[in-house]
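What follows is each chain in one-letter form.
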Amino acid sequence: MLSNRVFARRLRLPASRASISGTSIKSLQDAFRDPSSPFHIPAGSTGPASPDELPVELHTTEQSPLTLSAHGNSSTTDPAAEARAKLTSLGYDAGSLWEQSIVWGHHDAFRHVNNAHYLRFFESGRMQWVIGVGNILGGKERAQAMLAGQGVSLILKSINVNFRRPVTFPDTLLIGHKAIVSLSRTQFILAAAAYSYSQQAVVADSEGVFVWYDYDSLKKCDPGDDAWRVLKVIGSEVQGRPGNGR
């Protein structure tokens, strides 16, 4: 027979509310029969198998508050699917999409993700984009060579980041990239955006100037028509965009 203190703990009730007169078996049995008692067990039902078993009414198929607040909203829409749909609708390459989890350590003294981290977030997403380009140009071997800086690959010339909204833990950002090609034969702009699952909005975007670079001869180069065709297919073409030299 379970003591009244054990039942009090199980029902998460203060000990004072769970107390009954006496500690005899009879007094406990009376409490089980009393509908006003927190220990009441209706006729025909079965009591708990152990003091740690949750009452039936606490079992639910609804999401817990922790689950609902994990991404800051209780929408039934899949935040990842929504983010992918949004970025691809804005022209970002579906093959470049990269999920970046936000951790507590990304915060600074102002209690939001420190701005410097976004350069790393965009860098990780950019490497995903480079892998996709390399795979199209020459498969896994070419992709690995581009990541390792072997033969003709890319080098970052400059980059800027626009911070649209503060981001806080917990959250996940979806990073997307798209190439913007001009008349230049040696460089192009690579645009990026970070979409927050919690806020369901773009929280930062970026534009970087990237130069085709021959790592064997250590100089910029024209990567050839195949490379430019790939960039135009997975990106967008803007003729004569300023800031793109030859």
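All values derive from a computational prediction rather than experimental measurement. (Residues numbered from 1 in each chain as written. Predicted model: local features only at pLDDT ≥ 70, side-chain atom pairs only at ≥ 80, totals over all residues. Heavy atoms only, no water.)

Tell me what's going on with the confidence of the model for the protein chain, and back it up with residues and numbers.
With 70% of its residues at a pLDDT of 70 or more, the protein chain shows a mean pLDDT of 82. Note that pLDDT drops below 50 for residues 6-22; the model gives that stretch 29 contacts with residues more than four away or on any other chain. Note that residues 241-246 has pLDDT below 50 and, in this model, 19 contacts with residues that lie over four places away or in other chains. (pLDDT = per-residue confidence, 0-100. Contact = heavy atoms within 4.5 Å.)

Hey, could you go over the nonpolar core for me, with residue numbers and the actual values?
Ranked by size, the top nonpolar core spans 17 residues in total, and within it Trp 129, Val 133, Leu 154, Phe 188, Trp 212 and Leu 231 carry the most contacts. Those elements giving two or more residues to this core turn out to be α6 (117-148), β3 (171-181), β4 (187-196), β5 (201-214) and α7 (225-234). Top element by residues in this core is α7. It accounts for 5 residues. Judged by nonpolar contacts, the second largest core, of 13 residues, contains Ile 102, Phe 122, Ile 175 and Ala 194. (Core = buried A, V, L, I, M, F, W, Y, C linked by side-chain atoms within 4.5 Å. Buried < 20%, exposed > 50% of the residue type's maximum accessible area, 1.4 Å probe, protein only. Helix = DSSP H or I, 4+ residues; strand = E, 2+ residues; numbered from the N terminus.)

Which residues make up α6, and what values do they have?
Counted at 1.5 Å a residue, the expected span for α6 with its 32 residues is 46 Å, but the 23 Å between its end C-alpha atoms falls short. In α6, a bend of some 135° at Gly 138 exceeds every other bend along the element. Turning to α6, its buried residues number three or more, namely Tyr 118, Phe 121, Phe 122, Gly 125, Arg 126, Trp 129, Val 130, Val 133, Gly 134, Ala 143, Ala 145 and Met 146. For α6, the secondary structure elements touched by its buried residues are β1 (98-102), β2 (152-163), β3, β4, β5 and α7. The first or second residue beyond α6 is Gly 149, which carries a positive phi of 70°. (Expected span 1.5 Å × (residues − 1). Bend = angle between axes of the 7 residues up to and from the residue.)

Explain the packing of α6 against α7 residue by residue, including any values.
Two elements in contact, α6 and α7, have axes whose closest approach is 10 Å; the angle formed by their N-to-C orientations is 125°. Accordingly, the angle class assigned to the pair α6 and α7 is oblique. In the crossing of α6 with α7, the sense of the turn from one axis to the other is right-handed. Listed contacts from α7 to Trp 129, Val 133, Ile 136 and Leu 137 of α6 are Asp 226, Ala 227, Val 230, Leu 231 and Ile 234. (Axes fitted to C-alpha atoms, helices over the stretch in contact; angles between N-to-C directions. Parallel < 35°, antiparallel > 145°, perpendicular 65-115°, else oblique. Left-handed = near helix turned anticlockwise from the far one by under 90°.)

Pulling in residues and values, what's your account of the pattern of salt bridges?
Scanning all chains against the criterion turns up 5 salt bridges. Across the pair Arg 120 and Glu 123 runs a salt bridge, and its minimum N-O distance is 2.7 Å. With Arg 120 and Glu 123 both in helix α6 and 3 residues apart, this pair spans about one turn of that helix. With a relative accessible area of 55%, Arg 120 lands in the exposed category. Measuring nitrogen to oxygen at the nearest pair gives 2.3 Å for the salt bridge that ties Arg 229 to Asp 226. In this pair, Arg 229 and Asp 226 are both assigned in helix α7, 3 residues apart and thus about one turn of the helix distant. A cluster of three or more residues bridged by salt bridges with shared partners is formed by Arg 185, Asp 222 and Asp 225. (Salt bridge = Lys/Arg side-chain N within 4 Å of Asp/Glu carboxyl O.)

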